[in-house]
Amino acid sequence: MTQFEPARPLSMGLQISLGQGKSAVAPQPRIAFERCPLCDGSNFERLRTADCSAHPLYHPAISPTMTWMRCVSCEHVFTDGYFTPQAQDLVFSKANPHQQPGSEMEQQRTVSGFIVDRVSQYATGGVWLDVGFGNGSLLFTAQEWGFTPVGVDLRRSCVETLAGFGVEAHCVDVTQWDQAGRFSVVSLADVIEHMPYPKRALAAVKRLLKRDGILFLSMPSYDCALWRQLDAENACPYWGELEHFHNFSRPRLYALLAEMGFKPLRYGVSLRYVVGMEVIAQSLG
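The rules behind each value
Residues numbered from 1 in each chain as written. Predicted model: local features only at pLDDT ≥ 70, side-chain atom pairs only at ≥ 80, totals over all residues. Heavy atoms only, no water. pLDDT = per-residue confidence, 0-100. Contact = heavy atoms within 4.5 Å. Pairing = 2+ DSSP bridges. Helix = DSSP H or I, 4+ residues; strand = E, 2+ residues; numbered from the N terminus. Axes fitted to C-alpha atoms, helices over the stretch in contact; angles between N-to-C directions. Buried < 20%, exposed > 50% of the residue type's maximum accessible area, 1.4 Å probe, protein only. Arc of directions from axis to C-beta.

Caption draft 1: Up close: the confidence of the model for the protein. The predicted model of the protein has a mean per-residue pLDDT of 89, with 90% of residues at 70 or higher. Confidence over residues 1-27 falls short of pLDDT 50; this stretch has 61 contacts with residues more than four positions distant or in other chains.

Caption draft 2: The sheet that holds strand 9 (residues 148-152), seen in detail. Sheet architecture is open: seven strands sit in the order 10-9-8-11-12-15-14, paired in mixed fashion. Across the chains shown, the open sheet's two edge strands, defined by having one partner strand only, are strand 10 (168-170) and strand 14 (262-270). Going from strand to strand, the sheet's axes swing by 20 degrees on average, the running direction of each strand aside. Strand direction decides the pairing type here: strand 8 (residues 127-131) and strand 9, joined by five bridges, are parallel. Its bridge partner lying in strand 9, Asp130 is registered against Gly151.

Caption draft 3: Looking closely at the sheet that holds strand 6 (residues 77-79). What the four strands build is an open sheet, ordered 4-5-6-13; its pairing is antiparallel. The open sheet has two edge strands with one neighbour each: strand 4 (44-51) and strand 13 (246-247). Relative to strand 6, strand 5 (residues 65-71) runs antiparallel, the two sharing three bridges. For Trp68, the partnering residue across the bridge sits in strand 6 and is Thr79.

Caption draft 4: The arrangement of helix 4 (residues 156-164) in detail. Burial in helix 4 covers these residues: Cys158, Val159 and Leu162. For helix 4, the angular spread of buried residues about the axis comes to 100 degrees, placing them on one side. What points out from helix 4, more than 90 degrees from its buried face, is the exposed set Arg156, Glu160 and Gly164. Contacts from the buried residues of helix 4 go to helix 3 (137-144), strand 9 and strand 10. Of the residues flanking the end of helix 4, it is Gly166, one or two places downstream, whose phi is positive at about 85 degrees.

This is the structure we're talking about:
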């Protein structure tokens, strides 16, 4: 199997209530990873399970149990499968309030300001693309630094709202978007862990960036003291994070970036979410 071929469904469907005693078979909720989504290895082991039923975007057509695997070859940690298109549509049919463009603009402007200030040390202008822009804060703030903001997101309602703020916005899968070489900066702020095949996403980013363009990433830091402390207290929020398919350690992320033609320039602690890390990297060649 190649990196991007679809795998078999994990379930043949779930029964969901339609009201008045009626029921129907739900869409197949997840497609199994038959190989590690990073190294393509076939040897991985079950790490743990978690309950995702309390997640605000949870839908009863999706199993309330998430199963996490660890690749024996590269030690990457990932879920046993990713959403089918039908299940993804159910999750994306609504958004958390903080994911809506314009939400908490003043508070988020401060957080985004730290990010843009760091990135601007390596890119001083041009077009900034934010993939999965959420509340739009990063784009609004980048615009204050003189960047031209562009956003892409899979939630159409968010795209329409961002466009209402006068920002160019597209409802498109970034891996299928034809805008090669247009962008000076591409940000994946707490996004890549949502993508079933991160290599495919990074290949698309490399194509979209100008030569020597800058990539910004943030995500939870799986292998750090705070994560381990939260785990020991059974308080880590990411095992039951419905929309996540990956937990990255810094070493595994750096190895992936190098493989995909990026040079890490700076590591930092993210202020966006608990136990977060952020990396600024440059496209090579």
